[in-house]
Amino acid sequence: MNDPIIEVSHVYFSYNGAPVLSDVSLNIRKKEFVAFIGPNGGGKTTLIKLLLGILKPDRGTIKIMGQPPAKAAYHIGYVPQDVSINKSFPISVMDVVLMGRLQFHRWSRLSKKDRIAAKNALESLEMIEFQNRKIDDLSGGQRERVFIARALATEPDILFLDEPTANIDSQGRTDLYALLKELNKTKTIFVVSHDTMVLSSYVTSVACVNKNVHYHDDAEITEEMLDMGYHCPVELIAHGIPHRILKTHGDDS
Amino acid sequence: MIEALQFEFIRNAVIAGCFASLICGVIGSFVVVNRLVFLAGGIAHAAFGGIGIAFFFGIPYMVGTLGFSLIAAMIMTAVVIKNKSRADTFIGILWAVGMATGIILLDMTPGYNVNLMSFLFGSILAVPGSDIVWMIGLSVFSISAAIFFYRDLLAISYDDEFARLRGVPVNLIYFLFIGLIAVSIVIIIRVVGLILVIALLTIPPYIAEKYVKSLAQMMVFSTLLAVVFNLSGLWIAYTYNLTSGATIILVAAAAFFISMIFDFFFLNKHPEST
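Residues numbered from 1 in each chain as written. Chains lettered and ligands numbered in written order. Predicted model: local features only at pLDDT ≥ 70, side-chain atom pairs only at ≥ 80, totals over all residues.

Colleague: Looking at this structure, I do not really get the overall build of chain B. What am I missing?
Modeller: Along its length, chain B carries twelve helices and zero strands. Going residue by residue from the N terminus, the α and β elements of chain B occur as α-α-α-α-α-α-α-α-α-α-α-α. At 19 Å, chain B has a C-alpha radius of gyration in line with the 19 Å of a compact globule built from 274 residues. Taking all 274 residues of chain B together, 47% fall into the buried category. Restricting the contact set of chain B to residue pairs at least 6 apart, pairs at least 24 apart contribute 75%. (Helix = DSSP H or I, 4+ residues; strand = E, 2+ residues; numbered from the N terminus. Rg over C-alpha atoms; globule rule 2.2 N^0.38 Å. Buried ≥ 20, exposed ≤ 12 C-beta atoms within 10 Å, placed from the backbone. Contact = placed C-beta atoms within 7 Å.)

Shown next as structure tokens:
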């Protein structure tokens, strides 16, 4: 329970010579619910892509369940940003979810088991009735659920969601976070979000990503954080601690 | 048309048209959803270099054209994988180089007397029986490959990043896919010629795309459309003694504009759902 599921140590990454992340170290334990917050261009998506093995760090090491990311991607269910996906593509909801059943290094013939797993994933998100609909005909919130179902169909231990609430109204957000909270009982979850509501009663820890990463355990979202000058440059609204605005990190570099 | 079927060349043309339709439906759908129409055009025109090679060295048309198109396609694929956003310039260059090579080689072929027009605009009514055998073989091969790799092709077309995470060998599948396009183009050049191959590869899937809910449906619907276009174009060409490639394309284009008008008046739904 206490061994880290993700270990990042002294990772540097630059894009065309411009440093995006520098000296990032992070240890995440099993069944945490981590929010990645920070400004646009701060490196949140880059960090996710490094963890997924889509990008390779310039320096430093990343281990996921003790393995390099390229090997461990198998354990990760990835929900990419909605905007990054070709919207007008003629594909049914079921076909999208079945993508989650493409297996590592196996020519991807689908078995009955795969179809059942895809159906179960859609059912758990209450989207089974849409299985034959075209993905383009769904609303933003429904599409998000389909992408989560696709990630769940991979039967992951870890779930990465990149800005899952960007196209969803506030009721949809509440529902989505309630769902993630439920999934968090068995899975480690990472959410990239601008949505400060994610920080309320749902997450167990917060990582502020802005070139560096500052990791706050739940216990640290207190007044002490403010006093230590060790804070996130975002507005933070948390249950029980209303309208707290955190100052910028003291050690900007 | 029915009595015309007693002629072997008509029977060959109908068979060739049907197999070409199957190709257009299956491979053409992948081309359209991947927005690879320009790349397909590049391969088709580069294929002309292969035609030149076939005549200059006296090797069979299918061997020369297929070989050259596959090589051109593989080079284009490598460039697309390396730099997707700037690949169009390179494809345009290969497009022109293929055409120029073909013309020079045909110029230099002694006693060259092949009708150039038949390669530019097709000669479905003059397809020899030996080429029909090639066409059927290649069609069966490329359709089987597309069906076997359907899930992988669908995955890399829709979301290649996710496919890569699930362990799909994305680049390998991409090479295979462009190779299948090259094979398809060589087949369809026989039917409508290289100038018109793009229209037949793209019009049926494009019309179909608006009315379907999945890629598989798109393939079935566009295959049926292509059969209708091919056979009615063939019938018009036979009846009025016109060039078959051009009549097939004009039938397809007419259907395309009718579908656009139909959409304009009857399919005005599709508000951006959010």
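Colleague: I tried to follow the nonpolar core on my own but got confused; where do I start?
Modeller: Across soluble globular proteins, nonpolar side chains show a tendency to be buried alongside one another. Ranked by internal contacts, the top residues of the largest apolar core, which has 155 residues, are Val97 of chain A together with Ile43, Ile188 and Leu200 of chain B. For this core, the element with the highest residue contribution is helix 9 (residues 170-192) of chain B, accounting for 14 residues. Contact partners of Val97 of chain A, with chain neighbours within four places excluded, come to Ala118, Ala121, Leu122, Val146, Ala149, Arg150 and Ala153 of chain A. (Core = buried A, V, L, I, M, F, W, Y, C linked by C-beta atoms within 7 Å.)

Colleague: I keep staring at the pairing of strand 1 (residues 4-15) of chain A and nothing clicks. Help me out?
Modeller: Strand residues, when the strand is regular, have side chains that alternate between the two faces of the sheet. In this sheet, strand 2 (residues 18-29) of chain A lies alongside strand 1 of chain A in antiparallel orientation, the contact comprising eight bridges. Within strand 2 of chain A, the residue paired with Ile6 of chain A across the bridge is Ile28 of chain A. (Pairing = 2+ DSSP bridges.)

Colleague: Explain the interface of chain B and chain A to me, please; I cannot follow it from the model alone.
Modeller: Where interface size is given, it is often the accessible area lost as the parts come together that is meant. Contacts between the two partners involve 22 residues from chain B and, on the opposite side, 28 residues from chain A. Counting residues per element, the side of chain B that touches chain A draws most heavily on helix 7 (residues 150-158) of chain B, at five residues. Partitioning the side of chain B that touches chain A into residue classes produces eleven nonpolar, four polar and seven charged. (Nonpolar A, V, L, I, M, F, W, Y, C, P; charged D, E, K, R; others polar.)

Colleague: I keep staring at the packing of helix 1 (residues 8-33) of chain B against helix 11 (residues 215-240) of chain B and nothing clicks. Help me out?
Modeller: Each packed pair of helices is defined by two parameters, the angle between the axes and the distance between the axes. Residue and element names in this part refer to chain B. One way to put it is that helix 1 packs onto helix 11 with a least axis distance of 8 Å and a crossing angle of 145°. The handedness of the crossing between helix 1 and helix 11 is right-handed. Looking at the contact of helix 1 with helix 11 residue by residue, the classes come out as 16 nonpolar, eight polar and no charged. (Axes fitted to C-alpha atoms, helices over the stretch in contact; angles between N-to-C directions. Left-handed = near helix turned anticlockwise from the far one by under 90°.)

Colleague: What am I meant to see in helix 1 of chain B here?
Modeller: It helps to recall that an α-helix has 3.6 residues per turn; residues three or four apart then point in one direction. Residues and elements named next belong to chain B. When the terminal C-alpha atoms of helix 1 are compared, their 37 Å separation across 26 residues agrees well with the 38 Å that a helix rising 1.5 Å per residue should span. The sharpest bend along helix 1 measures roughly 35° and falls at Ile27. After helix 1 finishes, the residue Arg35 shows a positive phi value of roughly 55°. (Expected span 1.5 Å × (residues − 1). Bend = angle between axes of the 7 residues up to and from the residue.)

Colleague: Quick question: what am I supposed to make of the packing of helix 11 of chain B against helix 12 (residues 244-266) of chain B here?
Modeller: All names here are of chain B. Following both chains from N to C, one finds helix 11 and helix 12 inclined at 130°, their axes separated by 8 Å at the closest point. When the interaxial angle is binned, helix 11 and helix 12 end up oblique. Where helix 11 crosses over helix 12, the handedness of that crossing is right-handed. Contacts between helix 11 and helix 12 pair Leu225, Phe229, Asn230, Ser232, Gly233, Leu234, Ile236 and Ala237 from the former with Ser244, Thr247, Ile248, Val251, Ala252 and Ala255 from the latter. Of the residues assigned to the contact of helix 11 with helix 12, the class counts are nine nonpolar, five polar and no charged. (Parallel < 35°, antiparallel > 145°, perpendicular 65-115°, else oblique.)

Colleague: I tried to follow unusual backbone geometry on my own but got confused; where do I start?
Modeller: With the exception of glycine, most residues fall at negative phi, and the peptide bonds are largely trans. All names here are of chain A. Even without a glycine there, the phi angle at Asn16 is positive, about 50°. If you check the backbone angles, Glu126 has positive phi at about 55° while not being a glycine. With respect to the helices, strands and loops of the structure, Glu126 is situated in the loop between helix 4 (112-124) and helix 5 (140-153). Residue Glu126 is classed as partly exposed on the basis of its C-beta count, with 13 C-beta atoms lying within 10 Å.

Colleague: Whenever I open this one, the environment of Tyr74 of chain A confuses me. Can you help?
Modeller: Residue placement: Tyr74 of chain A occurs in the loop between helix 2 (69-72) and strand 5 (76-79). Each C-alpha atom, one on Tyr74 of chain A and one on Phe130 of chain A, is 27 Å from the other, the two residues being 56 residues apart in sequence.

Colleague: It is not clear to me how the pairing of strand 6 (residues 158-162) of chain A should be interpreted in this structure. Could you clarify?
Modeller: Residues and elements named next belong to chain A. Counting buried positions along strand 6 yields five of five residues, so the element is predominantly enclosed. Of the two faces of strand 6, the one holding Ile158, Phe160 and Asp162 and the one holding Leu159 and Leu161 are both buried throughout. Relative to strand 6, strand 5 runs parallel, the two sharing four bridges. Each bridged residue has a counterpart across the sheet, and for Ile76 the counterpart in strand 6 is Ile158. Pairing between strand 6 and strand 7 (residues 188-192): five bridges, direction parallel. Within strand 7, the residue paired with Asp162 across the bridge is Val192. Taken together, strand 6, helix 6 (residues 170-183) and strand 7 form a β-α-β motif whose crossover is right-handed. (Right-handed = clockwise from strand over helix to strand, strands pointing away.)

Colleague: Looking at this model, I keep getting lost on the confidence of the model for chain B. Mind explaining?
Modeller: Do not read the fine detail of predicted coordinates wherever pLDDT is low. Averaged over every residue, the pLDDT of chain B is 87; residues scoring 70 or more account for 95%. Mean pLDDT across the secondary structure elements of chain B bottoms out at helix 5 (residues 116-121) of chain B, with 75, and peaks at helix 11 of chain B, with 93. (pLDDT = per-residue confidence, 0-100.)

Colleague: Any chance you could explain the confidence of the model for chain A here in plain terms?
Modeller: Residue and element names in this part refer to chain A. Confidence in the prediction of chain A, expressed as mean pLDDT, is 78, and 78% of residues score 70 or more. Ranking the helices and strands of chain A by mean pLDDT puts helix 3 (residues 93-98) first, with 93, and helix 7 (residues 223-227) last, with 38. Confidence over residues 219-245 falls short of pLDDT 50; this stretch has 45 contacts with residues more than four positions distant or in other chains.

Colleague: Sorry, what's going on with the sheet that holds strand 2 of chain A here?
Modeller: In a beta sheet, neighbouring strands pair by backbone hydrogen bonds and run either parallel or antiparallel. All names here are of chain A. Spatially, three strands are ordered 2-1-4 in an open sheet, and the strand pairing comes out antiparallel. If you trace the sheet from one side to the other, it starts and ends with strand 2 and strand 4 (59-64), each paired once. In this sheet, adjacent strand axes meet at a mean angle of 15° when their direction is disregarded.

Colleague: I keep staring at helix 5 of chain A and nothing clicks. Help me out?
Modeller: Residue and element names in this part refer to chain A. Here helix 5 spans 20 Å end to end across 14 residues, near enough to the 20 Å set by a 1.5 Å rise per residue. In terms of residue burial, helix 5 counts as a mostly covered element, since eleven of its 14 residues are buried. Burial in helix 5 covers these residues: Arg143, Glu144, Arg145, Val146, Phe147, Ile148, Ala149, Arg150, Ala151, Leu152 and Ala153. Next to the buried residues of helix 5 lie strand 5, helix 3, helix 4, strand 6 and helix 6.

Colleague: Hey, could you run me through the environment of Glu7 of chain A in this one?
Modeller: Residues and elements named next belong to chain A. Relative to the helices and strands, Glu7 is located in strand 1. In this structure, the C-alpha to C-alpha distance between Glu7 and Ile76, residues 69 residues apart in sequence, is 14 Å. Residues in contact with Glu7, not counting those within four places in the same chain, are Asn27 and Lys63.

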